[in-house]
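Structure at a glance
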Amino acid sequence: VDYISAVYGLWTNISSMRSFGLLTDEELKNSPSRQDGLSAAVTHEYSRSSCSFIGKIADRLKLRLISKSTALVFFHRFFARQSFASHDRWVVAMTCVFLAS
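Quick notes on the rules
- Residues numbered from 1 in each chain as written.
- Predicted model: local features only at pLDDT ≥ 70, side-chain atom pairs only at ≥ 80, totals over all residues.
- Heavy atoms only, no water.
- Phe/Tyr/Trp six-rings, centres within 6.5 Å; stacked < 30°, edge-to-face > 60°.
- Helix = DSSP H or I, 4+ residues; strand = E, 2+ residues; numbered from the N terminus.
- Buried < 20%, exposed > 50% of the residue type's maximum accessible area, 1.4 Å probe, protein only.
- Axes fitted to C-alpha atoms, helices over the stretch in contact; angles between N-to-C directions.
- Parallel < 35°, antiparallel > 145°, perpendicular 65-115°, else oblique.
- Left-handed = near helix turned anticlockwise from the far one by under 90°.
- Contact = heavy atoms within 4.5 Å.
- Polar contact = N/O pair within 3.5 Å; in protein donor to acceptor, adjacent residues only side chain to side chain.
- Nonpolar A, V, L, I, M, F, W, Y, C, P; charged D, E, K, R; others polar.

Details of the packing of aromatic side chains
Scanning all chains against the criterion turns up six aromatic pairs. Plain terms: the ring middles of phenylalanine 53 and tryptophan 90 are 5.1 Å apart, the flat faces sit at 80° to each other, and that makes the pair edge-to-face. Highlighted residues: phenylalanine 53 in helix α4 (residues 40–60) and tryptophan 90 in helix α6 (residues 89–100), separated in sequence by 37 residues. The partly exposed category is assigned to tryptophan 90, whose relative accessible area is 35%.

A few points about the packing of helix α5 (residues 65–81) against α6
As a packed pair, α5 and α6 sit with axes 8 Å apart at the nearest point and diverge in direction by 135°. Classified by the angle their axes make, α5 and α6 are oblique. Where α5 crosses over α6, the two elements pack in a sense that is right-handed. For the pair α5 and α6, contact is made by Ser67, Thr70, Ala71, Phe74, Phe75, Phe78 and Phe79 and by Arg89, Val92, Ala93, Cys96, Val97, Leu99 and Ala100, respectively.

Points about the environment of serine 33
Along the chain, serine 33 falls in helix α3 (residues 32–35). Given the relative accessible area of 1%, serine 33 is considered buried. Along the primary structure serine 33 and threonine 43 are separated by 10 residues, whereas in three dimensions their C-alpha atoms are 7.0 Å apart. Those residues in contact with serine 33 that lie beyond four places of it in its chain are Leu38, Thr43, Gln82, Ser83 and Phe84.

Description of the side chain of serine 83
The topology assignment puts serine 83 in the loop between α5 and α6. A distance of 2.6 Å separates a polar atom in the side chain of serine 83 from a polar atom in the side chain of aspartate 36. In contact with serine 83, other than residues within four places in its own chain, are Pro32, Ser33 and Asp36.

Overview of the side chain of serine 67
Among the structural elements, serine 67 can be located in helix α5. By relative accessible area, serine 67 is classed as buried at 13%. Setting aside chain neighbours within four positions, we find serine 67 in contact with Ala100 and Ser101.

Thoughts on the packing of α4 against α6
Direction vectors running N to C along α4 and α6 enclose 40°, while the axes themselves pass 10 Å from each other. On the basis of the axis angle, α4 is oblique to α6. The interaxial crossing formed by α4 with α6 has right-handed handedness. Residue-level contacts link Glu45, Tyr46, Ser49, Ser50, Phe53, Ile54 and Ile57 of α4 to Arg89, Trp90, Ala93, Met94 and Val97 of α6. Per-class residue counts for the contact of α4 with α6 are eight nonpolar, two polar and two charged.

Keep in mind these values describe shape, not function.
Quick look at the structure:
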């Protein structure tokens, strides 16, 4: 019985992920970057290279993992609502590191 209630509780948390700021597949497909004409491949590459940059900067600054992870979350949340075409991703990445540290 405890197993069933634990699984139900997990399912309830998963089904309410929207309240944690997670995006649906539809929102990801219609992101501001995509609306500005950037392809999914370009958007993915911008995100990948920027996150790699955040990781390298955080390592050079000897930041703890929690700070690096927070910077990555800030970066993804920012570009979930803003377009890569409208903002310099390197400046945003450095700002996220600054705010997270």
